[in-house]
Amino acid sequence: MSPDNKKVKPAGEKEIETTGHSWDGIREFNNPLPRWWLWTFYATVIWGLAYMVVYPAFPLLKQATQGLIGYDSRASLEEDINHYNQANAPLDTALVSTALDDISARPDLAHYAATGGAAVFKTFCAQCHGAGAAGAKGYPNLLDDDWLWGGSLGDIHLTIRHGIRQEGDDDTRFSEMPAFGEILERPEIADVTHYVLSIAGSTHNPSLVNSGRKIFAENCADCHGPEGRGNRDLGAPNLTDRIWLYGRSQKAVAETITNGRKGMMPAWQDRLTEAQIRQVTYYIHQLGGGE
Amino acid sequence: MTRKLSTPSLYAAHEPVFPRRVKGRFRTLKWWIMGVTLGIYYLTPWIRFDRGPDMPDQAVLVDLAGRRFFMFWIEIWPHEFYFVAGLLIMAGIGLFLFTSALGRVWCGYACPQTVWTDLFILVERWIDGDRNARIRLWNRKWDLGKIAKRFVKWSLWLLIGVLTGGAWVFYFADAPSLATSLLAGTAPPVAWASIGVLTATTFVFGGFMREQVCTYMCPWPRIQAAMMDEDTLTIGYRFWRGEPRARHQRQLDAEAHGDCVDCNACFNVCPMGIDIRDGQQLQCITCALCIDACDDVMRRLGKPRGLIDYMALSDEANEKAGGKPRPAWRHIFRPRTILYTVIWSLIGVALVYGLFVRSDLEFSVAPVRNPVFVTLADGTIRNIYELRLRNKSPGVKSFTIGIDSEFSDLELSLGGNRQPSVTVAADSTYLQRVYVLASPESLSASTATTSITFWVAGKDDARKHFVKSIFNGEKQ
């Protein structure tokens, strides 16, 4: 570096200061930044440091430093939730005090129940019944018009509150399909399987139907009815329609008769608020299958 | 061993600029532009426009909560944001056009930074006097007189800042009622915060930062350099006419000197604090005040105007040789600027066309895909669709819904015994879940997909709106 800094004069122009740095005769012009820019930079540094002191910042062994003003994102979320809970409180009260069948007549309640119910459904119900409520094998489709235990608002409400075969709930829906593998001989099960397939309108072996009908009348008609149309009081499905929770193939029907079925749905009365249960009841009812 | 002791500072202290008052054609034009642009900015929110009951009567309103943009008879919904995008593209191409033709004309005449700085300097000149008085005041000790003047000036600046921030928030809410709530102190916090931020930026940028904003903060000077060419009209100094410059010309041999009398008028009026005689500089915002200042001096000396003037680089050689510059319109109308104008106009025409042909009803159908179909107890196949009807007119409208399908064997249902008709409130969106049913063993039920067309027809306006969709049968 050469010590001769300052004032270079390119041909015909004003003098321009150099930084005094010179490498092999190449000198560096000094185009100074405005000083306020430097102060702005210092200000951002101070802001950053202050932010670290005021807000939670440095991770320590157990948790981060707390910050001076005690900001907490969980508390902030809690506050938001409380805010909305309070804002919705009048609607919740109205929803609980309105008869289920009268909700649809009140547009504000109906809208609240349908949108709130959709959220409850996606959080608590979609795991089994599917996000679109179309169900799966063993988990009923809630969009169709076939209901094991009834599809009115009251029926759905009871099912959600007390569940299906929920142990410890006295009001739960209770009754189950016995395992006939211990009661009937294997040929008898084959016979009654083909009889059931015949009333379901599915492919079957006609030679077995007559003997199967007799076995059905003796063993199955108590719950499923003499014509196999089911009984909602017992949750016994209609065997003459197109909707089969566990499938309509010969194998699936034989398996059901041999081993029995006892699908289970939890009771939600202790896990959801009454308003939430009513919301999701209304939501399910308006999906297209409600009665 | 010699060590260099004096390192020059890498940071420069701010040198204040004290632009002198100037009169002239460009200054007059700038006063007019300032009046019109500031007038538009401050007064627009107060223009009323009747849109009928239940609709805002503010001519220009950005309704963020209701997600609507109103501008007189035009109403933009969020999904029509392409209109705004189109306007932004037009603004961009407009800047290309003006920059390639007239250089940094935006910076010099229309940029808010320039306009508000001009306004602030006007106030400053009114309180503190013109250039020399302001320089004296700047160098004076902080005595009572100076404090009083500073207090008055800053108070007026702050008032302008508050009015500027205040005008901004009126674009986002009903101006008269927001003004009332601001005066009563009941306005929402976001209004106060917006006013606060804009007051601070107006006060600081217009009062203290001024040319620093243009030189150090704004990216536009750098970008614009790429848009200029040798035909762009920029402000320059005819050094071949002015040099060698000399003071006291009357006493000297006029033949030996140029026209520039080195009076520094061009430098004194410059709001950027530069000397245009040094050539084109990054700082120059082409505000043309130096032209006015120099023209005035030339007039008094009895010499032709235009020692400092708008000129194009391509004329320089010609002019130096004593020729005449090409007329300004030859520089402005050339293939490049004409192409920009054509593109700009095409987008404008497309936007206006789009504005006039858009319907005040929008109808869309979203098939529910989870599940793709539902089998009912009797074997009926049911598909679910969500119909969305946007009524963009200011009146309530009733519609009948219907379907046409490939095999004409589908049935529409709204659930229960409801008639297939809906009523949509004014200026709102209505969602309707509908069911389409195919009876067991029908063609549509046993075909994988059937095409289906939904239609709606207004009760008063029987014109049908159609949307195509598909129906999913049992065979997938």
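This is a predicted model, so every value here is computed, not measured.

A.B. asks: In this structure, what is going on with the overall build of chain A? I would like to understand it.
C.D. replies: Summing up its helical and strand segments, chain A has nine helices and three strands in all. Taken against the 2.2 N^0.38 rule, which gives 19 Å for 291 residues, the C-alpha radius of gyration of chain A at 37 Å runs more than 25% over that of a compact globule. Taken over the C-alpha atoms alone, chain A extends approximately 120 × 50 × 45 Å along its principal axes. Every one of the 291 residues in chain A was classed for burial, and the buried ones make up 26%. Long-range pairs, those at least 24 residues apart, make up 53% of the contacts in chain A with a sequence separation of at least 6.

A.B. asks: Teacher, can you tell me more about the domain arrangement of chain B here?
C.D. replies: It is common to give the size of an interface as the accessible area that goes away when the parts come together. Under the domain assignment, chain B is made up of domain 1 (25-218), domain 2 (234-336) and domain 3 (361-472). On a C-alpha basis, the centroid separation for the pair domain 2 of chain B and domain 3 of chain B is 73 Å.

A.B. asks: For this particular structure, what's the right way to read the interface of chain A and chain B?
C.D. replies: Each side of the interface is counted separately: chain A has 27 residues, and chain B has 24 residues. Elements that contribute at least two residues to the side of chain A that touches chain B include exactly strand 1 (18-23), strand 3 (33-34) and helix 1 (35-54) of chain A. Partitioned by chemical class, the residues of the side of chain A that touches chain B number 11 nonpolar, eight polar and eight charged. Inspection of the sheet shows strand 3 of chain A paired to strand 1 (residues 11-12) of chain B by two bridges, in the parallel sense.

A.B. asks: When you look at the domain arrangement of chain A in this model, what are you seeing that I'm missing?
C.D. replies: All names here are of chain A. When the domains of chain A are assigned, the result is domain 1 (1-53), domain 2 (90-164 + 268-289) and domain 3 (180-259). A C-alpha centroid distance of 31 Å is found between domain 2 and domain 3. Counting from both sides, the interface comprises eight residues of domain 2 and, opposite them, nine residues of domain 3. Split into classes, the residues belonging to the side of domain 2 that touches domain 3 amount to three nonpolar, two polar and three charged.

A.B. asks: What exactly am I supposed to notice about helix 2 (residues 73-97) of chain A here?
C.D. replies: Because each turn of an α-helix spans 3.6 residues, side chains separated by three or four positions in sequence point in the same direction. Residues and elements named next belong to chain A. The terminal C-alpha atoms of helix 2 lie 35 Å apart, and with 25 residues this matches the ideal 36 Å at 1.5 Å per residue to within 8%. At Ala89, helix 2 shows its strongest bend, of approximately 50°, with the proline Pro90 following within four residues. Of all 25 residues that make up helix 2, one are buried, and the element is exposed over most of its length.

A.B. asks: Is there a simple way to think about the packing of helix 1 (residues 25-43) of chain B against helix 13 (residues 289-301) of chain B in this case?
C.D. replies: Between two packed helices, both the angle of their axes relative to each other and the distance between the axes serve to describe the pair. All names here are of chain B. At a minimum axis distance of 7 Å, the contact between helix 1 and helix 13 shows a crossing angle of 145°. From helix 1, Arg25, Phe26 and Arg27 reach across to helix 13, where they touch Leu289, Ile291 and Asp292. Residue composition of the contact of helix 1 with helix 13, grouped by class: three nonpolar, no polar and three charged.

A.B. asks: Explanation requested: the sheet that holds strand 12 (residues 421-424) of chain B in the structure shown.
C.D. replies: Two orientations exist for strands paired in a sheet by backbone hydrogen bonds: parallel and antiparallel. Residue and element names in this part refer to chain B. Strands sit in the order 12-10-14-15 across an open sheet of four strands; the sheet is antiparallel. The open sheet has two free edges, formed respectively by strand 12 and strand 15 (464-472), since each of these has just one partner strand. Going across the sheet, the axis of each strand differs from the next one's by a mean of 30°, ignoring polarity. Note: strand 10 (residues 397-405) against strand 14 (residues 449-458), seven bridges, orientation antiparallel. Among the inter-strand pairings, Ile401 is bridged to a residue of strand 14, identified as Val456.

A.B. asks: Please explain the nonpolar core as it appears in this structure.
C.D. replies: One finds Cys266, Leu289, Cys290 and Ile308 of chain B to be the most contacted residues of the largest nonpolar core, which totals 44 residues. For this core, the element with the most residues is helix 13 of chain B, which contributes five residues. Excluding residues within four positions of it along the chain, Leu289 of chain B makes contact with Val22, Phe26, Arg27, Val269, Cys270 and Pro271 of chain B. The next biggest cluster of nonpolar side chains, apart from the first, holds 41 residues, and it includes Ala113, Tyr282 and Ile284 of chain A together with Ile381 of chain B.

A.B. asks: Is there a simple way to explain the sheet that holds strand 2 (residues 60-63) of chain B in this structure?
C.D. replies: All names here are of chain B. Read from one edge of the open sheet, three strands run 2-3-4, paired in antiparallel fashion. One side of each edge strand has no neighbouring strand; the edge strands of this open sheet are strand 2 and strand 4 (74-76). This sheet shows a mean twist of 10° between the axes of neighbouring strands, independent of strand direction. As defined by bridge partners, strand 2 adjoins strand 3 (residues 68-71) across four bridges and the pair is classed as antiparallel. Each bridged residue has a counterpart across the sheet, and for Val62 the counterpart in strand 3 is Phe69.

A.B. asks: Explanation requested: unusual backbone geometry in the structure shown.
C.D. replies: In terms of backbone geometry, most residues other than glycine have negative phi values and most peptide bonds are trans. Residues and elements named next belong to chain B. Omega for the bond connecting Glu243 with Pro244 falls within 30 degrees of zero, at -10°, which places this linkage in the cis form. Between Asn370 and the following residue, Pro371, the backbone shows a cis peptide bond with an omega angle of 0°. Among the structural elements, Pro371 can be located in the loop between strand 7 (361-367) and strand 8 (374-375). In the Ramachandran plot, Glu441 falls in the positive-phi region, its phi being about 65° despite a non-glycine side chain. Note on placement: Glu441 falls in the loop between strand 13 (428-438) and helix 17 (443-446).

A.B. asks: What exactly am I supposed to notice about the environment of Val152 of chain B here?
C.D. replies: Following the sequence through the fold, Val152 of chain B ends up in helix 6 (residues 144-170). Separated by 28 residues in the primary sequence, Val152 of chain B and Glu124 of chain B have C-alpha atoms spaced 9.6 Å apart.

A.B. asks: Would you mind going over the confidence of the model for chain B with me for this structure?
C.D. replies: It should be kept in mind that the predicted coordinates are not to be read in detail where pLDDT is low. Residue and element names in this part refer to chain B. On average, residues of chain B score 90 in pLDDT, and 97% of them are at 70 or above. By mean pLDDT, the top-scoring element of chain B is helix 1 (96), and the lowest-scoring one is strand 1 (84). pLDDT under 50 marks residues 1-5. Its contacts with residues more than four places away, or in other chains, come to four contacts. The complex prediction reports pTM at 0.78, with the ipTM value standing at 0.80.

Conventions and cut-offs
Residues numbered from 1 in each chain as written. Chains lettered and ligands numbered in written order. Predicted model: local features only at pLDDT ≥ 70, side-chain atom pairs only at ≥ 80, totals over all residues. Helix = DSSP H or I, 4+ residues; strand = E, 2+ residues; numbered from the N terminus. Rg over C-alpha atoms; globule rule 2.2 N^0.38 Å. Buried ≥ 20, exposed ≤ 12 C-beta atoms within 10 Å, placed from the backbone. Contact = placed C-beta atoms within 7 Å. Domains from an automatic or database assignment. Nonpolar A, V, L, I, M, F, W, Y, C, P; charged D, E, K, R; others polar. Pairing = 2+ DSSP bridges. Expected span 1.5 Å × (residues − 1). Bend = angle between axes of the 7 residues up to and from the residue. Axes fitted to C-alpha atoms, helices over the stretch in contact; angles between N-to-C directions. Core = buried A, V, L, I, M, F, W, Y, C linked by C-beta atoms within 7 Å. pLDDT = per-residue confidence, 0-100.

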